[in-house]
Amino acid sequence: HLQRVRFTPRLDEQAVEGHCCTDVTVSGIVEVEGSFKGKPVASAWLEMKEGEGSALVGLEEVPLWSPAEPNLYDVTLRLDLDDNASGEAVDEVRSYFGMRDVAISEGQVLLNGEPYKMKLVLDQGYYPDGLLTPPTDDAIRRDVELVLEMGFNGVRKHQKVEDPRYLYWADQLGLLVWGEMANCYHFSDAAMARLMAEWQAVVERDYNHPSIVAWVPLNESWGVPRLKEDTRQSDFLLALYHQTKALDRT
């Protein structure tokens, strides 16, 4: 089956790069069909070798994603294996992606190539009737709506890896998100191993959300309080930075 799918917008090429991974090492193809508001806008085949495959999929039109216009494309992916004699897809996945680009130029944040002012709240993600656990999906959506109604265009999550449904509603309703890792308290070999492994899982899981425009692997000096005196801690901080850049080049 399809285990992981990654969509990377390529605005300059009017295309999206698709990358697929299967649960086992197999060969075959993935059929990709994209649509926007019910209208077909793209189709392609990804050749799978040893469980992975990538392709650049051109789009007939490119409505961009932004808080003002949270445009999203629907996509269907079907996996077929070389040794499959049934003629039917062995797995089918439906998802979505948004076309947006984030950059920094001359000290300004650019969203889709234009200077963009972020007006964010520091969001600790608590609910009055569930602490860090939302009681319902409607409560998650309402949390996003309240931020927008108060005039903000984004949130920096604070010491919480947010529920995927929160990111879904941020994508749908147009809310920028800084995705942050919950940090350790004591610096140790075990803390380093756990933090890097869990952070990689977070970035891989949430990579496709167009609402996420920044990653925050470390808050202030939490877990690394002796950065100036202990080169192990400063080296670990740099390792987290480079790990994040390696996982997400955008």
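Rules used in this analysis
- Residues numbered from 1 in each chain as written.
- Predicted model: local features only at pLDDT ≥ 70, side-chain atom pairs only at ≥ 80, totals over all residues.
- Heavy atoms only, no water.
- Pairing = 2+ DSSP bridges.
- Helix = DSSP H or I, 4+ residues; strand = E, 2+ residues; numbered from the N terminus.
- Right-handed = clockwise from strand over helix to strand, strands pointing away.
- Axes fitted to C-alpha atoms, helices over the stretch in contact; angles between N-to-C directions.
- Parallel < 35°, antiparallel > 145°, perpendicular 65-115°, else oblique.
- Left-handed = near helix turned anticlockwise from the far one by under 90°.
- Contact = heavy atoms within 4.5 Å.
- Nonpolar A, V, L, I, M, F, W, Y, C, P; charged D, E, K, R; others polar.
- Core = buried A, V, L, I, M, F, W, Y, C linked by side-chain atoms within 4.5 Å.
- Buried < 20%, exposed > 50% of the residue type's maximum accessible area, 1.4 Å probe, protein only.
- Salt bridge = Lys/Arg side-chain N within 4 Å of Asp/Glu carboxyl O.

### Considerations on the pairing of strand β12 (residues 154–157)
Here is step 1: As paired elements, strand β11 (residues 120–123) and β12 share four bridges and run parallel to each other. Within β12, the position partnered with valine 121 by the bridge is valine 155.
Here is step 2: Handedness of the crossover joining β11 and β12 through helix α1 (residues 137–149): right-handed.
Here is step 3: Two strands pair when backbone bridges link them, and β12 and strand β13 (residues 176–180) are joined in this way by three bridges, in the parallel orientation. Pairing of arginine 156 across the sheet is with tryptophan 178, part of β13.
Here is step 4: With respect to chirality, the unit in which β12 leads through helix α2 (residues 164–173) into the neighbouring parallel β13 is right-handed.

### So, the packing of helix α3 (residues 189–206) against helix α4 (residues 231–247)
Think of two packed helices as two axes; the pair is described by the angle between the axes and how far apart they sit.
Here is step 1: Closest axis-to-axis distance for the α3/α4 pair is 10 Å, and the angle between their directions is 15°. Classified by the interaxial angle, the pair formed by α3 and α4 is roughly parallel. α3 and α4 meet at a crossing whose hand is right-handed. Residues Asp189, Met192, Leu195, Met196, Trp199, Gln200, Val203 and Glu204 of α3 touch α4, and the partners they reach there are Arg232, Phe236, Ala239, Leu240, Gln243, Thr244 and Leu247.
Here is step 2: Tallied by class, residues from the contact of α3 with α4 come to nine nonpolar, three polar and three charged.

### Description of the nonpolar core
Here is step 1: Counting 27 residues, the largest nonpolar core has Val155, Tyr166, Leu175, Val177, Trp199 and Phe236 as the members making the most contacts within it.
Here is step 2: Tallying contributions element by element places α3 first for this core, with five residues.
Here is step 3: Apart from residues lying up to four places away in sequence, valine 177 is in contact with Val155, Lys157, Tyr166, Leu167, Ala170, Ser211, Ile212, Val213 and Ala214.
Here is step 4: The next biggest cluster of nonpolar side chains, apart from the first, holds 22 residues, and it includes Phe36, Leu46, Val57 and Leu59.

### Overview of the pattern of salt bridges
Here is step 1: Within this structure, the stated rule accounts for 18 salt bridges.
Here is step 2: With a shortest N-O distance of 3.8 Å, glutamate 47 and lysine 49 are connected by a salt bridge.
Here is step 3: Judged by relative accessible area, which is 52%, glutamate 47 ranks as exposed.
Here is step 4: The partner of lysine 157 in a salt bridge is glutamate 162, with the nearest N and O atoms 2.7 Å apart.
Here is step 5: If you follow the salt bridges from partner to partner, you end up with Glu31, Glu33, Arg78, Glu92 and Arg94 in one network.

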